[in-house]
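Single-letter residue listing:
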Amino acid sequence: MADVTDQDLDPATMREQYRSEIVAEESLAADPMRQFARWFQQAADAHVFEPNAMIVSTATPDGRPSSRTVLLKQFDEGGFVFFTNYGSRKGRELAENPHIALLFPWHPIARQVAVTGTASPIGRDETAAYFRSRPHGSQLGAWASEQSTVIGSRDELDRRYAELAARYPQGEQVPVPPQWGGLRVTPREVEFWQGHENRLHDRLRYTREASGWRIERLCP
């Protein structure tokens, strides 16, 4: 079979040397959400494109995984919150299997944050407050798209949107879709990864215990 990869784009030869300061255990916050807040601010200050973009991985009850990029919209001491159609693939999978993984890939600053935990729906009042903060067009889009279902054409999607725009013109309140809402990821483990030269990266992992959080260094 012919090699379809251009020789100049051979992934086996693509290498970067990461040059960063060592992350010492004593420099870390006592809990991962405070440490995440520090790194998130630093990613934003470094002008990382969409630092709130994260890869969300879910799985069916029999272990078949799927991943997609989603935008983080809230975080606090309780965990990470994103919003979705509960009838989407990730929504259906999480309803049957709440185990979830998040990955924040901040490549320009050679950092990653990896999270594993469980997801559960947030309250409808909290969902409604966020929904009303969205741009008008995004509110309509949440109604127009039956996320993850098959649709006949782009024209059909645009027609649905146009009908909704006529029904709810700019300035008129759009009701919150009953099938749409927030999911809160409660972390069980959070790993902070900092790239270094010679692939001797820093990997600092927080693990939840009954008494708080245990911090360990992992081999890269």
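Presented here is a report on the structure given in the accompanying data block. (Residues numbered from 1 in each chain as written. Predicted model: local features only at pLDDT ≥ 70, side-chain atom pairs only at ≥ 80, totals over all residues. Heavy atoms only, no water.)

1. Some points on the pattern of salt bridges
Right, so step 1: This model, assessed by the stated rule, comprises 14 salt bridges.
Right, so step 2: For R154, the salt bridge identified is with D158, shortest N-O distance 3.0 Å. Taken together, the residues R154 and D158, both in helix α5 (residues 154-167) and 4 residues apart, mark about one turn of the helix.
Right, so step 3: A residue is classified by how much of its surface remains accessible, and R154, at 58% relative accessible area, is exposed.
Right, so step 4: With a closest N to O distance of 3.3 Å, R160 and E156 form a salt bridge. In this pair, R160 and E156 are both assigned in helix α5, 4 residues apart and thus about one turn of the helix distant.
Right, so step 5: Counted as one network, the salt bridges with shared partners bring together R205, E209, R214 and E216. (Salt bridge = Lys/Arg side-chain N within 4 Å of Asp/Glu carboxyl O. Helix = DSSP H or I, 4+ residues; strand = E, 2+ residues; numbered from the N terminus. Buried < 20%, exposed > 50% of the residue type's maximum accessible area, 1.4 Å probe, protein only.)

2. What about the packing of aromatic side chains?
Right, so step 1: All chains considered together, the criterion is met by 15 aromatic pairs.
Right, so step 2: Ring geometry for F36 and F80: centres 5.0 Å apart, planes at 90°, overall edge-to-face. Within this pair, whereas F36 is found in helix α1 (residues 32-45), its partner F80 is found in strand β4 (residues 79-85), the two being separated by 44 residues in sequence. Residue F36 shares its accessibility class with F80, and that shared class is buried.
Right, so step 3: Between the aromatic rings of F83 and Y130, the centroid separation amounts to 4.1 Å while the plane-to-plane angle is 20°, which identifies the pairing as stacked. Residue F83 is located in strand β4, and its partner Y130 is located in helix α3 (residues 124-133); the two are separated by 47 residues in the primary sequence.
Right, so step 4: Residue F83 is classed as buried on the basis of its relative accessible area, which comes to 11%.
Right, so step 5: Given a relative accessible area of 15%, Y130 falls into the buried group.
Right, so step 6: What links up through ring pairs into an aromatic cluster is the set F36, F40, F75, F80, F104 and W106.
Right, so step 7: Directly above the aromatic system of W39 lies the positively charged group of R111, at a separation of 3.9 Å from the ring centroid. (Phe/Tyr/Trp six-rings, centres within 6.5 Å; stacked < 30°, edge-to-face > 60°. Lys NZ or Arg CZ within 6 Å of the ring centre and 35° of its normal.)

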